[in-house]
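Examination of the molecular architecture
Each chain, written out:
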There are 2 protein chains.
Amino acid sequence: MRYGFGIDVGGTTVKIGFFQENGILLRNWEIPTDHTMDGKNVLPDIAASVAACCKEADIPLKEILGAGVGVPGPVDHSGTVNRCINVGWGIVNIPASLSPLIGGVPVAAGNDANVAALGEAWMGGGKGFRSMVMATLGTGIGGGIILDGKILHGAHGVAGEIGHITIRRNETVPCNCGKCGCAEQYASATGIVRTARRMLEENPLPSVLRKKDSFSCKDVFDAGYAGDRLAENILAQVYDDIGLFLADACCVIDPEIIVLGGGVSKAGPRLLEGVRERYRHYMFHAGRDTPFALARLGNDAGIFGAFKMLLEQ
Amino acid sequence: MRYGFGIDVGGTTVKIGFFQENGILLRNWEIPTDHTMDGKNVLPDIAASVAACCKEADIPLKEILGAGVGVPGPVDHSGTVNRCINVGWGIVNIPASLSPLIGGVPVAAGNDANVAALGEAWMGGGKGFRSMVMATLGTGIGGGIILDGKILHGAHGVAGEIGHITIRRNETVPCNCGKCGCAEQYASATGIVRTARRMLEENPLPSVLRKKDSFSCKDVFDAGYAGDRLAENILAQVYDDIGLFLADACCVIDPEIIVLGGGVSKAGPRLLEGVRERYRHYMFHAGRDTPFALARLGNDAGIFGAFKMLLEQ
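Notes on the structure in this doc start here. (Residues numbered from 1 in each chain as written. Chains lettered and ligands numbered in written order. Predicted model: local features only at pLDDT ≥ 70, side-chain atom pairs only at ≥ 80, totals over all residues. Heavy atoms only, no water.)

All names here are of chain A. Within the secondary structure, valine 238 is located in helix 8 (residues 229-253). Among the residues examined, valine 238 registers a relative accessible area of 0% and is labelled buried. Residues valine 238 and alanine 187 lie 51 residues apart in sequence; the distance between their C-alpha atoms is 5.9 Å. Aside from chain neighbours lying at most four places away, what touches valine 238 is Tyr186, Ile192 and Thr195. (Helix = DSSP H or I, 4+ residues; strand = E, 2+ residues; numbered from the N terminus. Buried < 20%, exposed > 50% of the residue type's maximum accessible area, 1.4 Å probe, protein only. Contact = heavy atoms within 4.5 Å.)

Right, here's the structure in full:
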């Protein structure tokens with residue numbers, strides 16, 4: 001049996017998983033992300049942590065399979081990330097920078113949303129399927145496309161950016177990406193709150209949401225699930241928006257399964273069913289019965305996917 | 001040097017190309033599509049024509065590389081087509097049915113729009129690029145996705161159906177596919193005429209298009225290119241619609257190149273430039289500079305792609 005690492009670099013912590021070749025997670029832990037000096041300590045900190053783990057497990061560093069690394073930014077085919085604002089990096093070639101620090105073993109790098117999708121395809125909600133569209137509904141909307149068990153990166157690292165499919169041409173407020181009308185503006189956790197605020201303003205119906213100075217995405221789901229009529233209308237709009245951009249993506253890819261992850265997906269099977277009904281409405285007939293699943297690995301999707309990416313390299 | 005056939009089955013004629021292994025087209029011709037008796041003569045007619053060509057070229061049938069076949073219907077991984085209305089077929093496994101009629105050589109089958117996209121990627125507008133999104137703007141809108149030089153079929157033969165991306169949720173008239181608001185309803189040749197009729201009704205501006213009892217898609221482009229103001233507005237709307245669904249598709253795939261083909265693409269570089277400007281507006285920033293090209297093989301794209309599909313099998 002051989003061993004390797006799956007590493008998920010985030011803005012606050014770096015998650016590290018120590019894996020057997022067959023995908024068994026032996027140990028996982030976190031270290032803080034050191035933003036000082038443009039993030040120059042991040043890779044050395046990872047290397048030290050990896051080396052300590054190998055020493056403890058009594059495995060020479062040079063004998064490990066290597067490390068896969070997911071990072072919060074666009075990554076090209078050479079493993080070069082072009083600006084990670086949350087980490088402090090400018091342009092960094094991850095394999096060239098990290099590999100010499102861990103005995104010259106192979107290093108693979110990819111975008112964190114894509115890597116998390118690969119993790120879910122390998123050991124989570126998409127397990128057993130060869131192709132998958134995944135939407136990570138969090139603060140923003142991340143996406144990942146898996147084809148034949150591998151990440152589709154695209155020519156500019158843009159493949160799978162399904163949160164930036166335009167679903168409203170008349171939007172005047174810009175998305176974080178700079179353009180207007182992206183799915184992320186309506187169906188991410190922040191987008192759902194925004195949708196709710198707009199519908200509360202436009203609509204005279206009473207609602208428990210009006211009684212709060214501010215409310216969260218979870219509050220909207222809680223109110224809707226509890227039978228608050230206006231919150232139900234808001235959720236219907238959200239399901240319609242998510243169903244639409246997923247159908248658009250699936251017209252292009254036609255995957256074996258669609259997986260929903262991220263914080264919003266904690267709204268569970270009722271969310272899934274609501275989205276699926278609208279997906280079926282918008283989807284080309286031959287792809288209408290594509291199954292849906294919830295993500296299953298939670299915050300571990302990144303380390304699983306990062307290790308799998310190394311294996312697939 | 002070895003030889004093979006690329007075959008494009010259409011509703012009126014079957015186009016057949018006789019190729020050298022290196023992609024040189026030696027000869028091409030057409031035979032009529034015999035719709036009688038649920039199209040049961042179509043494959044035997046193809047086999048006879050292929051056999052006659054080999055005899056003339058003095059090549060034993062068994063020594064050819066085989067035949068690739070594009071058909072106007074959804075084709076699964078086994079080469080089984082599920083209803084070709086234009087041909088009369090129900091469920092037909094093309095390789096199992098055709099191969100025994102031509103000496104048992106390999107036969108590959110695929111959807112005609114996908115196969116035409118592969119032809120353009122191999123020897124046409126997408127030559128030299130490894131990944132491509134192609135939109136065939138004809139009576140309907142066909143699409144094809146090429147990744148790593150191969151057709152993306154999808155789990156249900158739906159991949160690349162970019163003409164059925166929903167671009168208007170408030171549409172009440174159904175598309176030929178049964179759902180409402182598909183790009184095909186506005187930006188195919190028939191869709192452009194429909195868009196023009198609607199805008200002529202809604203708008204008081206004078207236009208040369210009002211002087212005709214009926215007009216074609218070409219008439220709309222001719223009027224717009226000649227400076228007719230209302231026709232210019234119609235074309236601006238059409239460019240916006242095409243730019244939008246292409247940006248949606250490219251957010252998902254992120255190809256190296258985008259190719260426009262089909263009858264509408266005869267409107268040429270001005271169409272391409274108009275669409276590209278709107279594509280850039282709707283596209284996620286990192287993919288905004290993806291190049292556009294016009295298809296180059298015209299009606300021969302299908303035979304080129306069919307032969308290439310055989311080579312890639």
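Moving on, we come to the interface of chain A and chain B. Tallying the contact residues gives 43 residues for chain A and 43 residues for chain B. Buried surface at the junction of chain A and chain B, both sides included, amounts to about 3200 Å², of which 61% is carbon and sulfur. Considering only the surface of chain A that becomes buried against chain B, Arg169, Val252 and Phe284 of chain A emerge as the three largest contributors, covering 24% of it. The interface formed by chain A and chain B includes four salt bridges. Of all the elements in the fold, those that place two or more residues in the side of chain A that touches chain B are strand 9 (141-147), helix 8 and helix 9 (268-282) of chain A. For the side of chain A that touches chain B, the leading source of residues is helix 8 of chain A, giving 10 residues. The residue inventory of the side of chain A that touches chain B, partitioned by class, reads 21 nonpolar, 12 polar and 10 charged. (Buried area = accessible area lost by both parts, 1.4 Å probe. Salt bridge = Lys/Arg side-chain N within 4 Å of Asp/Glu carboxyl O. Nonpolar A, V, L, I, M, F, W, Y, C, P; charged D, E, K, R; others polar.)

Once that is clear, we can look at the sheet that holds strand 4 (residues 67-71) of chain B. Residue and element names in this part refer to chain B. The strand order 3-2-1-4-7 describes an open sheet built from five strands, whose pairing is mixed. In the strand order of this sheet, the two ends are held by strand 3 (25-32) and strand 7 (107-111), each with one partner. Averaged over all neighbouring strand pairs, the angle between strand axes comes to 15 degrees, with direction disregarded. Bridging between strand 2 (residues 13-20) and strand 3 involves seven bridges; their strand directions are antiparallel. In the strand pairing of strand 3, glycine 17 is matched with asparagine 28. (Pairing = 2+ DSSP bridges. Axes fitted to C-alpha atoms, helices over the stretch in contact; angles between N-to-C directions.)

Another aspect to go through is the packing of helix 6 (residues 189-202) of chain A against helix 7 (residues 217-225) of chain A. All names here are of chain A. Packing of helix 6 against helix 7 brings their axes to within 8 Å, and their N-to-C directions diverge by 60 degrees. Viewed along their axes, helix 6 and helix 7 adopt a mutual orientation that is oblique. From helix 6, Ala189, Ile192, Val193 and Ala196 reach across to helix 7, where they touch Cys217, Val220 and Phe221. Among the residues forming the contact of helix 6 with helix 7, the class breakdown is seven nonpolar, no polar and no charged. (Parallel < 35°, antiparallel > 145°, perpendicular 65-115°, else oblique.)

Purely geometric stuff here, so don't read any function into it on its own.
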